[in-house]
Amino acid sequence: MTGREDETAGPSADVERTFVAFPPARGRGFAVSWWGQAWLTALEESALDLRQLKAGRRLARGGAVGAVSVRPGRITAMVRGRDRTAHRADVLVEPLAEAQWERFLDMAVERAGHVAALLDREMPPHLVEDASVTGIDLLPGLGELEPECACGAWDHCEHTAALCYQVARLLDEDPFVLFLMRGRGEQALLADLQVRGDTASADATQDSPASRARPGVDATEAYATGDILPPLPALPELPTEPGVPPSLDTEAAPGVAGVDPAALEVLAAGTAVEAHRMLAETLRDTPGTVSELTVVAQDAVRLAAGASDAGVIERLAEGSGRGREGLETAVRAWRLGGEAALSVLDEEWQVEGEALARARAALESAWDEDERPPLRRDGNRWTAEDAPAQLRLGRDGRWWPYREEAGRWVPAGAPVRDPATALAAAEPDGHRTDGTLVPEGP
């Protein structure tokens, strides 16, 4: 239970939770955690009217959203609009089917780190990725946040938008709110994980080489069959996780000059992970696009993101031409958005024509005239003149937040459609480095 939650007694405690209203919060972003930002991305990419999102942000910041009720498939709150009229706002999220929960639970118990992170009220990124491999999307995607409001709007209105912005703050405090929306309360989820964990431990104890032995075929019978071949066995199921390459003896001198055992271990582990991902994509009902990194410098960043050996990282920094600090920044970008984030980090391009018109329109509508921060444009980069913050426009129209650290521009969060949200993410705690407050966003 979080500090914002109302007391809920009885059997309903694990199927519906109510959170007291947040106080006004001006001059700060709504989501700090990556899962909270993913929630806002789903909202901002689904809404058709950016003006309603802007109005919703203002209502949420001004404390217009009342207590928020969360239950499977639905979140609800009373929201007071700009005309001071209160409306009931609902946002629907499709709950997971029972079969999907079974697959999710079986996957989660295979990885002790996932369970440990959930107990610490954190959402490990690999949990979402591993669930996606099994066909389960925990975080909502494009069009999955369905609005219902007493004001009669058919799309997201200012009331449902304000509710979604407040839910992002709830998700920051407690990722179990997301699981409840998807259909499983905290206590039920942890109990199911405990039961499956106990069962897995018992099965592992009973397992032995003798029990795994398979019956052979009598040699006489095999010879008598001649050229009659038995049917091929069924294809094995996808392993729950990539295989672990054997550990090399790094104490002994390599048999071949120039072979670096530590680097070889990194390459083998990375190959196993990539092979597992490609196999999972192939076996899915709707295979995704398998990306191929053709630029050596990009592939060096991918390898560095999964490496821990200092010597290997130094070699990758030198080989990629980025240097140690440059590689650290590139790895940071990679973990936020893969190849797309790396392109935004490395590439500066001229925004022209229709793309420039759309960018200017987005910047104009993101803030009120008297609140718009002064920005200086250079190519696809808009730099704040009175703060160490920068917006970078990707070729897909999304805005990436950047902040200046130790004289270098580094990525500060995931991309969003709204430049005001991106700029807020680039300025932590809602304050500039000179101590002045960031102008309040819409």
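Please refer to the structure placed before this passage.
Keep in mind that what you see is a predicted model, and the values were worked out from it rather than measured.

## So, the packing of helix 2 (residues 50–61) against helix 6 (residues 158–173)
Orientation of helix 2 relative to helix 6, taken along the N-to-C sense of each, is 55°, at an axis distance of 7 Å. One element, helix 2, and the other, helix 6, form an angle in the oblique class. Judged by the twist between their axes, the crossing of helix 2 over helix 6 is right-handed. For the pair helix 2 and helix 6, the contacting residues are Q52, L53, A55, G56, R57, L59 and A60 in the first and E158, A161, A162, Y165, Q166 and R169 in the second. The residue makeup of the contact of helix 2 with helix 6, split by class, is seven nonpolar, three polar and three charged.

## Looking at the pattern of salt bridges
Summed over all chains, the structure comprises 23 salt bridges. Across the pair D90 and R74 runs a salt bridge whose closest N-O atoms are separated by 3.2 Å. A residue pair is termed long-range when its members are at least 10 positions apart, and D90 in strand 4 (residues 86–92) and R74 in strand 3 (residues 74–80) qualify at 16 residues. A relative accessible area of 21% places R74 in the partly exposed class. R88 is paired through a salt bridge with D90; the nearest N and O atoms lie 2.8 Å apart. Classification of D90 as buried rests on a relative accessible area of 5%.

## What to know about the packing of helix 13 (residues 310–320) against helix 14 (residues 323–346)
Viewed as axis vectors pointing N to C, helix 13 and helix 14 meet at an angle of 95°, and their least axial separation amounts to 8 Å. Between helix 13 and helix 14, the angle falls in the class roughly perpendicular. Contacts between helix 13 and helix 14 involve I313, E314, L316, A317 and S320 from the first element and G323, R324 and L327 from the second. Its residues placed into classes, the contact of helix 13 with helix 14 shows four nonpolar, two polar and two charged.

## Details of the layout of surface pockets
Of the pockets and cavities examined, the second largest pocket occupies roughly 300 Å³. R358, A359, A362, G397 and R417 are the residues nearest the centre of the second largest pocket, which is lined by 15 residues in total. The element best represented in the lining of the second largest pocket is helix 15 (residues 353–366), accounting for six residues. A class-by-class count of the residues in the lining of the second largest pocket yields eight nonpolar, three polar and four charged.

## A closer look at the nonpolar core
Formed by 57 residues in total, the largest nonpolar core has its most connected members in W39, F104, L138, L163, F179 and M181. By residue number, the principal contributor to this core is helix 6, which donates nine residues. Look past the residues within four positions of L138 in its chain and what remains in contact with it is L96, F104, L127, A131, L178, F179 and R182. By size, the runner-up hydrophobic cluster in this structure holds 24 residues, among which are L303, A341, W400 and Y402.

## Let's talk about the state of the cysteines
One pass over the full model with this rule turns up zero disulfides. Looking at the unpaired C157, the closest cysteine sulfur is the one in C149, lying at 3.6 Å. In this structure C157 comes out as buried when scored by relative accessible area, which is 4%. Cysteine C164 remains unbridged, with the sulfur of C157 as its closest cysteine sulfur at 9.7 Å. The exposure class assigned to C164 is buried, which follows from its relative accessible area of 0%.

Basis of the calculations
Residues numbered from 1 in each chain as written. Predicted model: local features only at pLDDT ≥ 70, side-chain atom pairs only at ≥ 80, totals over all residues. Heavy atoms only, no water. Axes fitted to C-alpha atoms, helices over the stretch in contact; angles between N-to-C directions. Helix = DSSP H or I, 4+ residues; strand = E, 2+ residues; numbered from the N terminus. Parallel < 35°, antiparallel > 145°, perpendicular 65-115°, else oblique. Left-handed = near helix turned anticlockwise from the far one by under 90°. Contact = heavy atoms within 4.5 Å. Nonpolar A, V, L, I, M, F, W, Y, C, P; charged D, E, K, R; others polar. Salt bridge = Lys/Arg side-chain N within 4 Å of Asp/Glu carboxyl O. Buried < 20%, exposed > 50% of the residue type's maximum accessible area, 1.4 Å probe, protein only. 1 Å grid on protein atoms, 1.4 Å probe; cavity = no way out; pocket = protein on both sides within 12 Å on 5 of 7 lines; lining within 4 Å. Points joined across faces, edges and corners; volume = space filled by probe spheres on them. Core = buried A, V, L, I, M, F, W, Y, C linked by side-chain atoms within 4.5 Å. Disulfide = S-S within 2.5 Å.

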